[in-house]
Amino acid sequence: MFKAWMPVRKILHFTDVKMISYLHVRHHLAGLQPPAGKNIATLPVCRSSSSVKQAPLLTAAPVRALIDDQISITARFLPPSSPVTVCTRMHSEDGDLWEAFAHYNTDTSGTVNLTSDPSAGGSYLGCEPMGLFWGLQPAPGGREGLRLRKRNVQTPYVVRISLLEGHVSPCMRDISELAAVTTERWYMAPGVRRSDIRQNGVVGSLFLPPGPGPYPALLDLWGMGGGLVEYRSALLASRGYASLSVAYIGHKDLPPPQNRLNVGDEYFKAAFKLLQDHCEVDADRIGIFGLSFGVFLSLRIATQLGLNPSCLILVNGPVGSTVALPDMEDHFLTFEKSQEYWTYDKQGNVIFKDVSLPSNIAPERKAKVENINCPVMYIVGEDDLSSSSKENADVIEETLRSAGKSQLFTRLSYPGAGHLIEPPYSPNARVSFWSIKPEKLMTVWGGHPAPHAAAQEDAWKKVLKFMESHLRR
């Protein structure tokens, strides 16, 4: 897909050469005396290969790729059996520096291949081909509470990969950089079309794949963090699915105040119908993708609004809500009003896990799961500290079993994974800011770096396969 971006490059290295006159060579071969004069063109002639010392070389292939593509990183022409460090650095859209690094030892030929060689230390251990990407964390001395989220999907993350001498940390001074290469990581492939949606009250962004439609489609719903999150939709369109990412809280174009959920069933019904009515969307092949509170919204749309989605993909979210929609009673409740279920860790960070315990949600505020008539994939992070994911998955599975619909349910469960199971190779934030105003509030999402990364990679592959089965039939 990205071949059109990559010009063919031919790199010639002339190392340790002796310059001789082209005309001198010509006259020598002819048995003539070389001409006199100074302004004579010259050609490089390499010495024997035994005396050439190649400079260290670091390669990354491909250098431009989608965020869910794996990159092959290799270092060559190094001393055999010697210690080196490979590190990544990039700036977020807010200007914060993120970095990761890993210690390797070259083989007997002076080569390190991150696809097959293990890291001996740094941001991760063992063979992790993409560890330098999912292992990115704010650089020491940076701001606290950061979470990496792409806002402008029409630009890439630009990541510099460096090869350093010895087993070192990037923050150390006087480090010898042996080689470097820059990569671009995109959510939006060439030819994907993005358009702002402000139609029938719906606030969102629509992404359409390259080429002619009609396309299978997804309604993309995130959590109570609010705003308009586009990057998953952009990536879905890059993989061939029309995707409408919808904002429903915390956006300037929604009814105020921004900290309240002021849209209800008719809003989400309008969003789904907007996809159905689009001339480039196949109205009979539309799924819903929900994370966190978006899980409850996905279930409600599928079971109570008279719509018939082709499938549901649910990530770490509840079957109901302590926060009522405007269609329910007491709709002026805000998320903060659920504080009776908040708990805190030793550092004072809030844990929302108990808010979504099924036993803490009134029956009338739960989706009518028994009405589901389409395949459901539910993804569980077993270290999710923001949602009671396992308990909610159990409720969905048991309800469908009791309704004679157990064949519709698929569960993916990942030990060590936290709440924010996103597209692969994205760094996980175990703790980050939930809000800054009116007060600073940090929340715990959960997840440990390596198992969370493994969960994201495996889940994404299975999600794409699930969508292929149920949206491209």
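Please read these numbers as outputs of a predicted model, since none were measured by experiment.

J.: Help me understand the overall build of the chain, please; the structure alone is not making it clear to me.
T.: When its secondary structure is counted, the chain shows seven helices and 24 strands. Counting every position in the chain, which comprises 473 residues, the buried fraction comes to 51%. Taking contacts inside the chain between residues at least 6 apart in sequence as the whole, the part at least 24 apart equals 68%. Here the chain displays about 21,900 Å² of accessible surface, and carbon together with sulfur accounts for 52% of that area.

J.: Before we go on, may I ask you to explain the nonpolar core in this structure?
T.: Within soluble globular proteins, side chains that are nonpolar generally end up buried alongside one another. Ranked by internal contacts, the top residues of the largest apolar core, which has 128 residues, are Leu219 and Tyr248. In terms of residue count, the dominant contributor to this core is helix H7 (residues 449-471) (eight residues). In contact with Tyr248, other than residues within four places in its own chain, are Trp222, Gly223, Met224, Leu254, Leu261, Val263, Tyr267, Phe268, Phe293, Gly294 and Leu297.

J.: Would you mind going over H7 with me for this structure?
T.: Each α-helix winds once per 3.6 residues, and so residues spaced three or four apart point in a common direction. Counted at 1.5 Å a residue, the expected span for H7 with its 23 residues is 33 Å, and the 32 Å between its end C-alpha atoms agrees. For H7, the complete set of buried residues consists of His452, Ala453, Ala455, Gln456, Ala459, Trp460, Val463, Phe466, Met467 and Leu471.

J.: Explain the sheet that holds strand E3 (residues 57-61) to me, please; I cannot follow it from the model alone.
T.: What holds strands together in a sheet is hydrogen bonding between their backbones, with the strands either parallel or antiparallel. Strand order in the open sheet made by the three strands is E3-E5-E8, with antiparallel pairing throughout. At either end of the open sheet lies a strand with only one pairing partner, and these are E3 and strand E8 (112-113). The pairing of E3 with strand E5 (residues 72-76) spans five bridges and is antiparallel. When the bridges of E5 are listed, Leu58 appears paired with Ala75.

J.: Help me understand the state of the cysteines, please; the structure alone is not making it clear to me.
T.: Chemically, a disulfide is nothing more than a covalent bond linking the sulfur atoms of two cysteines. Enumeration according to the criterion identifies zero disulfides in this entry. No disulfide involves Cys311; its sulfur sits 6.7 Å from the nearest other cysteine sulfur, which is in Cys374.

J.: Help me out: how do you make sense of the packing of aromatic side chains in this one?
T.: Scanning the model with the defined rule gives 10 aromatic pairs in all. One aromatic cluster is present, formed by Tyr248, Tyr267, Phe268, Phe293 and Phe296 through successive ring pairs. Residue placement shows Arg147 over the ring face of Trp445; its charged tip is 5.4 Å from the ring centre. Positioned above the aromatic ring of Phe133 is the side chain of Arg185, whose terminal nitrogen or guanidinium carbon lies 4.9 Å from the ring centre.

J.: I keep staring at the side chain of Ser162 and nothing clicks. Help me out?
T.: Here Ser162 shows up in strand E11 (residues 157-165). Within the structure, Ser162 has its side chain in polar contact with the side chain of Glu177 (distance 3.0 Å). Among residues more than four places away in sequence, those in contact with Ser162 are Leu58, Thr85, Val86, Cys87, Glu177, Ala179 and Ala180.

J.: When you look at the sheet that holds strand E21 (residues 376-381) in this model, what are you seeing that I'm missing?
T.: The eight strands are arranged E13-E14-E16-E15-E17-E18-E21-E22 in an open sheet whose pairing can be described as mixed. Two strands in the sheet have a free side with no partner beyond their single neighbour: strand E13 (193-199) and strand E22 (409-414). The mean inter-strand angle of the sheet, taken between neighbouring strand axes irrespective of direction, is 20 degrees. As paired elements, strand E18 (residues 312-315) and E21 share four bridges and run parallel to each other. Counterpart to Leu312 in the pairing with E21 is Val376.

J.: Looking at this structure, I do not really get the pairing of strand E14 (residues 202-208). What am I missing?
T.: Successive residues of a regular strand alternate their side chains across the two faces of the sheet. Of all the seven residues making up E14, seven are buried; the element is thus mostly covered by neighbouring parts of the structure. A two-sided burial pattern is seen for E14, the buried positions comprising Val202, Gly204, Leu206 and Leu208 on one face and Val203, Ser205 and Phe207 on the other. In this structure, E13 lies alongside E14, joined through seven bridges in antiparallel fashion. In the strand pairing of E14, Arg198 is matched with Val203. Hairpin remark: E13 followed by E14, antiparallel, with two residues in the connecting loop; positive phi at Asn200, about 55 degrees. Both E14 and strand E16 (residues 242-247) contribute to a ladder of five bridges, which runs antiparallel. Counted as the bridge partner of Phe207 is Ser243 from E16.

J.: What am I meant to see in helix H3 (residues 231-238) here?
T.: The buried fraction of H3 amounts to eight of the eight residues, a majority that puts the element mostly inside the structure. Along H3, the residues that are buried comprise Tyr231, Arg232, Ser233, Ala234, Leu235, Leu236, Ala237 and Ser238. Its buried side turned inward, H3 meets strand E4 (64-66), E14, strand E15 (215-221), E16, strand E17 (281-291) and H7. Looking one or two residues past H3, Gly240 carries a phi angle of roughly 105 degrees, positive in sign.

Scoring rules and cut-offs
- Residues numbered from 1 in each chain as written.
- Predicted model: local features only at pLDDT ≥ 70, side-chain atom pairs only at ≥ 80, totals over all residues.
- Heavy atoms only, no water.
- Helix = DSSP H or I, 4+ residues; strand = E, 2+ residues; numbered from the N terminus.
- Buried < 20%, exposed > 50% of the residue type's maximum accessible area, 1.4 Å probe, protein only.
- Contact = heavy atoms within 4.5 Å.
- Areas by Shrake-Rupley, 256 points an atom, 1.4 Å probe, with all protein chains shown as cover.
- Core = buried A, V, L, I, M, F, W, Y, C linked by side-chain atoms within 4.5 Å.
- Expected span 1.5 Å × (residues − 1).
- Pairing = 2+ DSSP bridges.
- Disulfide = S-S within 2.5 Å.
- Phe/Tyr/Trp six-rings, centres within 6.5 Å; stacked < 30°, edge-to-face > 60°.
- Lys NZ or Arg CZ within 6 Å of the ring centre and 35° of its normal.
- Polar contact = N/O pair within 3.5 Å; in protein donor to acceptor, adjacent residues only side chain to side chain.
- Axes fitted to C-alpha atoms, helices over the stretch in contact; angles between N-to-C directions.

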